Amino acid sequence: MDLEQAARVHAGLAHALIGLWRACPVSQQVLQSELDLWSDRLVISDDEFFVQVADRLTLMGGEQAVIDALRVVQPAQPYLNAMFVAVVARARAVYEAHADWAADELQLRVALGRNSPYPDEPGFGELGAAACIPPRVDLRPSEVTLTLVPPRLGPPSWASVPYLLCHELVCHASQAADADSTDPFTEGWMDMVALELHDRWIDDVFPWDPAFAKEAGHRLSDVVRRGGPHLREPHMTTRGSRGTGWAAAGWVLGKIRPFALDSEGAWMDFECLSVQLNRLHVVPALHKSFVAKVNACQGDLALATRLTVVLRHWLAGEATPAEVFSFK
Amino acid sequence: MNASLERIAGVETIKTLAAAVGVPSFTVASLAESSAVAPRAVDTVLRRYPAMFETLTPAAPTGVGRPPTRWRLRAERIDDVAARVGELQSALGGERGLLELKPPEPDLTEASLLMAADAVASASPNDPDVASLLLSAARDSLVAAGVDPDSSTPAEFDNVDLWHRARAIASVIDVVDACMEGDQERIDDAQARSLPMVVEAAANMPADQWLPLVRRVIEAPGTVIAAPVLVGVPHESLTALFPTLTVQEHDQVPEGYSYLCDSRSMLPASDPVTCLLFPHDEPELEGLFSRNIRGPMSCVVVSDQPAILGSALEHGAHFVLHRSDTTTRASIAKVVNRLAMGLGQD
């Protein structure tokens with residue numbers, strides 16, 4: 001089996017089992033071993049793959065519901081296309097509501113990899129998907145690249161695709177600053193926004209099992225912010241940047257909350273501010289300076305007070321997003 | 001009021017004013033709770049700054065008794081309040097700990113240190129506007145990490161490793177800042193102070209993080225020779241360039257050579273020692289190498305004759321072209337310091 005066929009059948013299998021995965025621990029282990037064998041597998045047709053896996057599960061005592069599900073596997077590409085279209089539409093609506101959307105004619109490109117790009121130890125069927133927006137041409141991103149890694153493409157990886165798409169489309173598709181993987185604002189602060197929007201959209205983006213996708217998305221978002229001695233560069237710094245961006249975003253949301261009628265109102269104000277900030281044409285170094293300054297507020301009451309004043313002015317329509325960025 | 005009471009009053013005022021900025025309106029009780037000060041302290045602040053506050057028109061009471069007065073900051077005065085908080089906090093000076101701010105979560109501490117290191121390693125004096133932002137990011141990241149590297153002892157911190165890392169990063173910030181200013185004395189001072197801190201922090205950092213920091217320090221155009229050097233006697237050429245080099249006693253110094261240390265260096269004198277040669281011409285250089293005086297030491301050849309380069313490289317030595325004294329000083333110091341840090345050639 002070549003990589004392309006492996007990706008196709010593994011994706012189909014993953015989608016077919018999303019509603020059953022959590023309830024079938026025996027099958028999880030068996031299926032992961034089946035995914036690992038992709039390069040040695042001899043199959044002629046996709047159907048033959050599903051028959052082989054079903055036979056293996058039967059032999060190893062897998063749950064009957066899983067075995068039955070493998071008899072009616074559909075191609076996964078239409079589901080992927082539907083997810084992409086749904087997230088693009090919603091991300092665009094958010095940006096157009098608060099600022100502007102800079103990414104016309106977006107397309108989804110699927111790339112394949114043999115090894116997971118994550119340095120972490122995965123659970124069964126995890127960490128088999130990643131996404132990025134390649135460097136721009138003419139300042140307009142034209143595609144989102146979703147990389148699928150067949151040996152890790154189990155249901156948890158498949159269910160994390162909505163989060164990956166949300167991250168790319170909310171954080172990066174319309175970011176005005178140059179791309180920088182260590183940018184704590186676009187990678188961290190906006191990731192917090194992306195994850196919240198992912199949760200709000202998930203019923204429509206992944207209707208086949210929204211709860212499973214929500215869990216998978218949160219799990220992946222946690223992983224890519226998690227530090228640890230196992231990390232080497234560039235992961236060490238990129239994860240640090242995500243962590244600091246998240247912390248800064250959470251702090252500012254907390255400062256906005258008292259001035260809103262309720263939590264939903266606070267979120268809408270925060271979402272608006274975040275999108276407006278992300279649309280500002282600034283250098284990544286200003287993002288780093290801003291996020292660091294926000295986090296420094298936790299140790300400097302005078303600085304925290306000045307930032308709160310700027311936020312109050314912004315909420316009252318008296319300060320621009322640029323003035324929020326350059327508070328000091 | 002004695003100084004201690006004044007400071008307490010100042011702390012309570014800072015907390016009260018800062019808390020008032022953070023809410024659209026408040027009662028004395030609610031502000032006291034959110035700012036962690038006594039209600040009478042809130043009351044005192046309201047009386048002391050009457051122009052900054054106003055009462056809200058109360059709604060018609062629905063229950064028994066008078067409802068508490070609701071206050072808010074006057075919208076046109078919130079900038080003044082922020083300024084006042086800043087003045088009062090500055091007046092606290094080194095006693096900002098009296099504000100009893102919550103320390104950061106461990107995850108944020110670690111992430112902030114990573115960001116500080118990355119920011120300062122990325123700051124290049126060649127792009128001063130961006131470098132200025134990155135240095136600001138680095139300094140603020142240290143504050144966010146909850147570490148004040150100016151603290152006198154690591155014993156004040158639970159995590160001594162963290163203190164060493166923060167101190168090293170702060171010292172590199174000073175080096176880069178000095179380079180941007182272009183003040184040679186400040187560059188030398190910052191580099192001399194930073195090198196031992198960065199060396200000490202090596203045990204507390206992965207190499208991926210440590211190497212960019214030490215390179216930032218080494219690449220600075222400083223003139224401090226951080227490690228001992230061996231020079232042929234007479235060594236007027238060297239002492240003319242580095243008046244702060246002084247002869248030290250040392251075992252196993254070859255005949256005709258002196259062991260010198262830079263008095264400005266704050267690194268303890270130790271191996272490796274670098275041999276500096278100042279040949280007048282190629283034959284002299286060949287003669288020096290034929291006597292094999294340097295043994296396993298690294299060797300730096302300094303000359304105003306480019307033709308000597310080939311011979312120097314053939315013998316595995318580094319070469320510094322003596323142009324102006326200013327650039328040659330920095331070049332020699334950089335090569336010696338790179339070798340002392342085990343970074344090898346450029």
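Here is a short report on the structure shown in this document. Keep in mind that what you see is a predicted model, and the values were worked out from it rather than measured. (Residues numbered from 1 in each chain as written. Chains lettered and ligands numbered in written order. Predicted model: local features only at pLDDT ≥ 70, side-chain atom pairs only at ≥ 80, totals over all residues. Heavy atoms only, no water.)

With respect to the helices, strands and loops of the structure, Q89 of chain B is situated in helix α4 (residues 78–92). In this structure Q89 of chain B comes out as buried when scored by relative accessible area, which is 5%. In terms of polar contacts, Q89 of chain B uses its side chain to reach the backbone amide nitrogen of L301 of chain A, at 3.3 Å. Excluding residues that lie within four positions of it along the chain, Q89 of chain B makes contacts with D300, L301 and A302 of chain A together with I14, R96 and L99 of chain B. (Helix = DSSP H or I, 4+ residues; strand = E, 2+ residues; numbered from the N terminus. Buried < 20%, exposed > 50% of the residue type's maximum accessible area, 1.4 Å probe, protein only. Polar contact = N/O pair within 3.5 Å; in protein donor to acceptor, adjacent residues only side chain to side chain. Contact = heavy atoms within 4.5 Å.)

Residue and element names in this part refer to chain A. Turning to its location among the elements, H287 is positioned in helix α12 (residues 284–296). There is a polar contact of 2.5 Å between the side chain of H287 and the side chain of D183. Other than its neighbours up to four places away in sequence, H287 contacts A177, D183, P184, F185, T186, V282 and F325.

We now examine helix α11 (residues 282–290) of chain B. Residues and elements named next belong to chain B. Taken as a whole, α11 has its buried residues at L285, L288 and F289. Along the long axis of α11, the arc covered by the buried residues comes to 95 degrees, so they all point the same way. With respect to the buried face of α11, the exposed residues turned more than 90 degrees away are P283 and S290. Packed against the buried residues of α11 are β5 (257–262), β6 (274–277), β7 (298–303) and α12 (308–314). One side-chain oxygen at the N-terminal end of α11 lies 2.9 Å from the backbone nitrogen of E284; it belongs to D281. (Arc of directions from axis to C-beta.)

Now for the environment of P321 of chain A. All names here are of chain A. When you line up the elements, P321 lands in helix α14 (residues 321–325). For the pair P321 and A292, spaced 29 residues apart in sequence, the C-alpha separation works out to 17 Å. P321 has contacts with Q276, L277, L280 and W314, leaving out every residue within four places of it along the chain.

To continue, consider the pattern of salt bridges. On inspection of all chains with the given rule, the structure shows 34 salt bridges over all chains. Of the charged contacts, one joins D209 of chain A and R22 of chain A as a salt bridge, the two residues approaching to 3.8 Å between their closest N and O atoms. Of this pair, D209 of chain A sits in the loop between α8 (184–205) and α9 (210–223) while R22 of chain A sits in the loop between α1 (3–16) and α2 (25–36), and the two are 187 residues apart along the sequence. Residue R22 of chain A is classed as partly exposed on the basis of its relative accessible area of 44%. Among the ionic pairs, R77 of chain B bridges to D80 of chain B, the shortest N-O distance being 2.6 Å. (Salt bridge = Lys/Arg side-chain N within 4 Å of Asp/Glu carboxyl O.)

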